[in-house]
Amino acid sequence: MADFKNYIDGKWVEAKSGATYERRNPATGELIGTYAKSGPEDVAAAVEAAKAAFDRWRKLPAPKRGEILFRVGQLLIERKEQLAREMTEEMGKVLTEARGDVQEAIDMTFYMAGEGRRLWGQTTPSELPHKWNMTQRRPIGVVGLITPWNFPIAIPAWKIMPALICGNTVVFKPASYTARSAVRLVQIFEEAGLPPGVLNLVLGTGETVGTALVQHPDVALISFTGSNEVGQQVAVECARLGKRVSLEMGGKNAIIVMDDANLRLALDGIVWSAFGTSGQRCTAASRVIVHEAVFRELADQLDARVSRLKLGNGLDPTTDVGPVVSESQLERVHRYVQIGVAEGAQILTGGQIARDGELARGHFHQPTIFVDVRPEMRIAQEEIFGPVTALIRVRSLEEAIAVCNGVRYGLSASIFTRDIDKAFRAIEDVHTGIFYVNAGTIGAEIHLPFGGTKATGNGHREAGQAALDVFSEWQSIFIDYSGRLQRAQIDVEQLTADD
């Protein structure tokens, strides 16, 4: 029997097959629990429940939907420490970062709850007399949400909250590594009084559950965050089926450090951006583009800082960098380190899987910095998703911008400079969805759009008002109170005569 079950039509249920899987703490190897391993039949039941609940939910006034979200937000505040500690046990990030993950969910919940009284449309003048034009947002229907393991409370909240406030019903498929966090979030919705069927949770693998969700004919929209490889498959399948899709995928983010930069500030930004969450962020700084005048000084200081970072269990308050999420992810990260060495890059610090003492029980990789990196190397082009960053030497701002733009991704980037002209040049010319000046590539505020350009996504944005555009569609309304049928167009003379 599973410790953690599916939530379908307001009930906690096993997978119909009875199958389960286990999840272990990536820092210690200890068993966390067993989880329902669902199949297409479980997805079908969840979609049917969401479909049946849709009409009732969309007709509930949006301010009342917002009141439920306000209760969810309050419960998230009350459970913040528990959620954060369980998150650290489940996927490894240090406890302070896990608290920040939950705080993002809290912020998003209250923001979207307020949108229940602000789902504004437009009013426009008509080209005809005695006629009223306006627009309103309408829900789309049953939406499928597929979320990753690196932000197991925040990213689901980024999707669930706007989907619900717009009047949609949801089938939620979380990453299998972080299903307990998803269960805890849904339990809070249940406690807050969300009606049965409005939010349904199906646990299991992406190959089985994710595919069934994407292919189900009654799911009108898929919102996916994950790898480019999977995201592109989702996009192709949604196109084949004629359904909406919102994609948030990879990044190869860069920090530019100019010759006039405050190096102490730049070092803080690099360390946090490259090695926070063990580098397992779509916004992680896996490239540092440095002006040649300060390259050696920055490299030496960065080496000293990173070599002192402590690996360990994220629940230990002295830990700086936790484990990566799984054995397969550990192997992937180290494989890229070996690729970098084979390409001719030099390891400045780190470079090894950590197996000393208690670290041998988990999935730990040393924070790693490469130097002598050319922009065309694979370690400077491909997303590694681990505690690895590459230092690239440049001679000018123009070269730095060209190198920054010279990847297939376009999520986030930053520049450290004291020159306002250089900052604005970079803002104008760097092709990313998010840009920072004198800050790292990490961090987002929930009232601003989040997303990227190029291969990072398909143009949609999460968070802020932009999220409402993903989960709603416009209805244009024309009200004619003239008492007679009017032509679609009329000239000024005819208007005057009619008056």
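Residues numbered from 1 in each chain as written. Predicted model: local features only at pLDDT ≥ 70, side-chain atom pairs only at ≥ 80, totals over all residues. Heavy atoms only, no water.

Caption draft 1: Layout of a nonpolar patch on the surface. A surface patch of nonpolar side chains, about 380 Å² in accessible area, is lined by Ile 420, Phe 424, Ile 427 and Val 437. Among the elements that line the nonpolar patch, the one with the most residues is helix H13 (residues 420-429), at 3 residues. Topologically, Ile 420 is positioned in helix H13. Note on Ile 420: relative accessible area 54%, which makes it exposed. (Patch = residues over 30% accessible without salt bridge, like charges linked within 9 Å, V, L, I, M, F, W, Y side chains within 5 Å. Areas by Shrake-Rupley, 256 points an atom, 1.4 Å probe, with all protein chains shown as cover. Salt bridge = Lys/Arg side-chain N within 4 Å of Asp/Glu carboxyl O. Helix = DSSP H or I, 4+ residues; strand = E, 2+ residues; numbered from the N terminus. Buried < 20%, exposed > 50% of the residue type's maximum accessible area, 1.4 Å probe, protein only.)

Caption draft 2: Spotlight on the packing of helix H1 (residues 40-59) against helix H7 (residues 206-215). Here H1 crosses H7 at 40 degrees, and the two axes come no closer than 8 Å. Considering their axes alone, H1 and H7 lie oblique with respect to each other. The element H1 and its partner H7 pack so that their crossing is right-handed. Within the contact between the two elements, H1 uses Pro 40, Val 43 and Val 47 and H7 uses Thr 208, Val 209, Ala 212 and Leu 213. Taken together, the residues of the contact of H1 with H7 sort by class into 6 nonpolar, 1 polar and no charged. (Axes fitted to C-alpha atoms, helices over the stretch in contact; angles between N-to-C directions. Parallel < 35°, antiparallel > 145°, perpendicular 65-115°, else oblique. Left-handed = near helix turned anticlockwise from the far one by under 90°. Contact = heavy atoms within 4.5 Å. Nonpolar A, V, L, I, M, F, W, Y, C, P; charged D, E, K, R; others polar.)

Caption draft 3: How the structure looks around the nonpolar core. Grouped together as the largest cluster of nonpolar side chains are 71 residues, with contacts concentrated most on Met 112, Ile 160, Met 161 and Phe 189. Contact partners of Phe 189, with chain neighbours within four places excluded, come to Leu 69, Val 72, Ile 160, Met 161, Leu 164, Leu 194 and Leu 199. In terms of nonpolar packing, the next biggest core, distinct from the first, is built from 30 residues, Val 294, Phe 295, Leu 311 and Leu 348 among them. (Core = buried A, V, L, I, M, F, W, Y, C linked by side-chain atoms within 4.5 Å.)

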